[in-house]
Amino acid sequence: MFKKVLIANRGAIAVRIEKTLKKMGISSVAVYSKADQDSLHVEYADEAILLGEGTAKETYLDMDKILSIAVETKAEAIHPGYGFLSENTEFARDCEEKGIKFIGPTPKQIELFGLKHSARALAKKAGVPLLPGTELLSSVEEAVKEAKKIGYPVILKSTAGGGGIGMRICYSSKELKEAYEGVCYLAAANFNNAGVFLEKYIEKSRHVEVQIFGNAYGEAVALGERDCSVQRRNQKVVEESPAPNLPEKVRAAMYKAAEDLAKEASYQSAGTVEFLYDEAEEKFYFLEVNTRLQVEHGITEEVLGLDLVSWMIKEATGELKGMKEQLKKPDGHAIEVRVYAEDCLNGFRPSSGKIDEVYFDPICRVESWIRKGIEVTSLYDPMLAKLIVHGKDRADAIRKMNQVLKNSRVYGITTNLQYLKALLKTEGYEKGLLFTGMLKEFLPSEKAIEVLDGGVQTTVQDYPGMIGYWSVGVPPCGPMDSYNFRLGNSLLGNAEGDTGLELTLRGGSYKFRAAISFCITGADMQPTLDGVPIGMYQVIHAMPNQILKFKDCKVGMRTYLLVAGGFDMPKIMGSSSTFIDGKFGGHGGRTLRTGDVLRVTENCLIDS
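Now for a look at the structure at hand. Everything quoted here is computed from the prediction, not taken from an experiment.

With respect to the packing of helix α7 (residues 140-150) against helix α8 (residues 173-191)
Two elements in contact, α7 and α8, have axes whose closest approach is 10 Å; the angle formed by their N-to-C orientations is 150°. Crossing angle aside, the handedness with which α7 passes α8 is right-handed. Packed against α7, whose contacting residues are V140, A143, V144 and A147, the element α8 presents S173, L176, K177 and Y180 at the interface. By residue class, the composition of the contact of α7 with α8 is six nonpolar, one polar and one charged.

And the structure:
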């Protein structure tokens, strides 16, 4: 068994691997960029080495730097996690040359499955069902000719692509001709390989994958399946195991196909065989093999009661034998949601900033790298956490995940938590009517207000505010005109201390993302709702997407915007008020700025 393992990754997966290493009595070495210096994976590691500043290319993708650290720290092995260098053939070979064990498949297997056209060829040899398709194409003329044989629609794919990059659905020869050069260019630019091929495109399909595991002794097993159909722009959002509404004969055939392919390749370590499932025809087709640990591996672990990271480490040392004998009978149902730092109602734009507070309901398994005070940057993938629940059946798992999404909070940045909450309550999801395009038109409202313009100085305040802390250098914080602040809350039926906004001199503008009741008090900034003047000191009901605007104060300085139920904000020193000089409290410890999204409470609308 290894004594020390370096983790060539960051975020939730690095923390996950560190926890398993600790259980196995193995020391961990973490690498981190300057932007990740406060990440949980740095804190949990036995040793942590700085990679420097900069982008992923300059840090987590710098193979020479990571290998040098492994040599310097005397790490015997490297676990690449997922993403970054996990499927990099050159890195895996460099590890071997330096006598460091790469915890994963062999370089040859990574290379074989890394190119989709060669993976298709091996799948065909193993007797795995394939969609009608082509070898690598040499020209757009050949593509048009082959597409006519296959029948439209077709999907043009980069052989080295991933994450939806280098893929285009074409419904006619005209669309194929227009797409060809662009897909080739994207493939060359992103993957240094311009090779493309065609496959038949199924309009309504499911994405079902089988977890495989192989060892150096020729054993290969299928470890259950996962439904990953809930996707947005080819990126997975919600996964579950087992796949709902999947006939047993199809499930058994998938397992056999996956195992046959793994045996054909003499596959070692963890991997995933991905299939496209045509529910109407009850037929499945090979998509690709991911030669690494998947983001969603945790739901398989929950259902089968095993630790895939532990298996990977044991396989790398030659200690993993008799895998089928170690398997338990599948138990219950597991669901995973991915929590992203993104603004769903603004084109899923990544969100960045300081996390004021974070809370995840304790009934879920949390895999995350964030904590209070961490700065989320735009340098890396926006995934903040994976939340996993395990239930006795699918209905129980959905019930638990609904509770998790209702109670969990990430304050200070914008996340997709409300989006996920709404998704799980749709009829299609509840009934298990899943397909890869189900999120195409899904864009639910959010109980929140978006800041379009924060004005001169707008802050979050509550009453009585942050008081009694002069002894530790914190002056009293709270609304300057507490009478008008409390009066607005009273008119809305709120508690007098419910959180609101204090606008100074010029109020700015705000968009309501849901139906919300509000009240404006204090100085008259001549407010308008969608351009129509509205009154002060009265309850007004805004509809989704309506815009509230304020002008400059003519008399007085401060205006107050209160909403029914108050704003959903964390408390520091017993208050949600903003202490600007101290850079804490309120939203990010600062004045509001364009792009901020302020969550309101569930009871944000008064019956009129």
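Regarding the nonpolar core
Side chains of a nonpolar character, in soluble globular proteins, are inclined to be buried together. Among the nonpolar cores identified, the biggest contains 38 residues, and V230, V238, L384 and V410 are the most heavily contacted of them. For this core, the elements supplying multiple residues, two or more each, are β11 (235-241), β14 (333-340), β21 (383-391), α13 (394-407) and α14 (417-424). The contact partners of V230, leaving out residues within four places of it in the chain, are Q235, K236, V237, V238, L423, Y429, L434, M438 and L439. By size, the runner-up hydrophobic cluster in this structure holds 30 residues, among which are V221, L223, M312 and M323.

Some details on helix α9 (residues 248-264)
Here α9 is 17 residues long and its end C-alpha atoms lie 24 Å apart, about the 24 Å a rise of 1.5 Å per residue gives. Every buried residue of α9 is listed here: V250, R251, M254, A257, A258, E259, L261 and A262. Positive backbone phi, approximately 50°, marks S266, located one or two places after α9.

Some points on the side chain of E259
On the secondary structure map, E259 appears in helix α9. Ignoring any residue separated from it by four or fewer positions in sequence, one finds E259 in contact with A220, V221, A222 and K324.

Comments concerning the packing of helix α4 (residues 89-97) against helix α5 (residues 107-114)
Look at α4 against α5: their axes get within 9 Å of each other, and the N-to-C directions meet at 175°. Viewed along their axes, α4 and α5 adopt a mutual orientation that is roughly antiparallel. Contact residues: α4 offers T89, A92, R93 and E96, while α5 offers P107, K108, I110 and E111. Residue composition of the contact of α4 with α5, by class: three nonpolar, one polar and four charged.

Structural notes on the pattern of salt bridges
With the rule as written, the count across this model stands at 53 salt bridges. Here E296 and R338 are joined by a salt bridge, their closest N and O atoms 2.9 Å apart. One end of the pair, E296, is in the loop between β13 (283-290) and α10 (297-304); the other, R338, is in strand β14, with 42 residues separating them in the sequence. Ionic pairing is found between D568 and R599, a salt bridge with its closest N-O pair at 3.7 Å. Of the two residues, D568 sits in the loop between β32 (558-563) and β33 (597-599) while R599 sits in strand β33, which places them 31 residues apart along the sequence. Overall, D568 belongs to the buried group, its relative accessible area being 11%. Via salt bridges that share partners, R16, E301, E302, D307, R365, E367 and K386 belong to a single interconnected network.

As for the packing of aromatic side chains
On inspection of all chains with the given rule, the structure shows twelve aromatic pairs. By way of ring pairs, the aromatic residues Y60, F84 and Y380 are connected into one cluster. The ring of Y429 is capped by R394, whose NZ or CZ atom sits 4.7 Å from the centre of that ring. Over the aromatic face of Y463 sits the side chain of R486, whose NZ or CZ is 4.7 Å from the ring centroid.

Let's talk about the sheet that holds strand β27 (residues 516-522)
Reading across the sheet, the five strands line up as β24-β25-β32-β27-β30 and stay open at both edges, with antiparallel pairing between neighbours. Strands at the two margins of the open sheet, each flanked by one partner only, are β24 (457-461) and β30 (540-542). Across the sheet, the axes of successive neighbouring strands diverge by a mean angle of 30°, strand direction being ignored. Here β27 runs beside β30; their pairing, made up of three bridges, is antiparallel. Of the residues in β30, the one forming a bridge with F518 is I540. Across the sheet, helix α16 (residues 482-492) touches β24, β25 (500-504), β27 and β32, and the angle it forms with β27 is around 150°.

Structural notes on the state of the cysteines
Summed over the entire model, instances satisfying the criterion amount to zero disulfides. Free of any disulfide, C364 has its nearest neighbouring cysteine sulfur in C344, separated by 18 Å. The class for C364 is buried, based on a relative accessible area of 10%. Free of any disulfide, C604 has its nearest cysteine sulfur in C519, 15 Å distant. Overall, the relative accessible area of 2% leaves C604 in the buried class.

Regarding the pairing of strand β9 (residues 206-214)
For β9, the tally of buried residues reaches nine of nine residues, placing the bulk of the element in the interior. A two-sided burial pattern is seen for β9, the buried positions comprising R206, V208, V210, I212 and G214 on one face and H207, E209, Q211 and F213 on the other. Taken together, the nine bridges between β9 and strand β12 (residues 269-278) define a ladder with antiparallel strand orientation. For V210, the partnering residue across the bridge sits in β12 and is V273. Inspection of the sheet shows β9 paired to strand β10 (residues 220-232) by six bridges, in the antiparallel sense. Of the residues in β10, the one forming a bridge with F213 is V221. Following β9, the chain reverses through five residues before pairing antiparallel with β10; G218 in that reversal takes a positive phi of roughly 85°.

Some points on the sheet that holds strand β1 (residues 4-7)
Backbone-to-backbone hydrogen bonds join strands into a sheet, with any given pair of strands oriented parallel or antiparallel. Taken in spatial order, the five strands of this open sheet run β3-β2-β1-β4-β5, and their pairing is parallel. Edge positions in the open sheet fall to β3 (47-52) and β5 (101-102), since each of these has one partner strand only. Here four bridges tie β1 to strand β2 (residues 27-33), and the two strands are oriented parallel to one another. Bridging across to β2, I7 finds its partner in A30.

The rules behind each value
- Residues numbered from 1 in each chain as written.
- Predicted model: local features only at pLDDT ≥ 70, side-chain atom pairs only at ≥ 80, totals over all residues.
- Heavy atoms only, no water.
- Axes fitted to C-alpha atoms, helices over the stretch in contact; angles between N-to-C directions.
- Helix = DSSP H or I, 4+ residues; strand = E, 2+ residues; numbered from the N terminus.
- Left-handed = near helix turned anticlockwise from the far one by under 90°.
- Contact = heavy atoms within 4.5 Å.
- Nonpolar A, V, L, I, M, F, W, Y, C, P; charged D, E, K, R; others polar.
- Core = buried A, V, L, I, M, F, W, Y, C linked by side-chain atoms within 4.5 Å.
- Buried < 20%, exposed > 50% of the residue type's maximum accessible area, 1.4 Å probe, protein only.
- Expected span 1.5 Å × (residues − 1).
- Parallel < 35°, antiparallel > 145°, perpendicular 65-115°, else oblique.
- Salt bridge = Lys/Arg side-chain N within 4 Å of Asp/Glu carboxyl O.
- Phe/Tyr/Trp six-rings, centres within 6.5 Å; stacked < 30°, edge-to-face > 60°.
- Lys NZ or Arg CZ within 6 Å of the ring centre and 35° of its normal.
- Pairing = 2+ DSSP bridges.
- Disulfide = S-S within 2.5 Å.

Nothing here speaks to function; it is all geometry.
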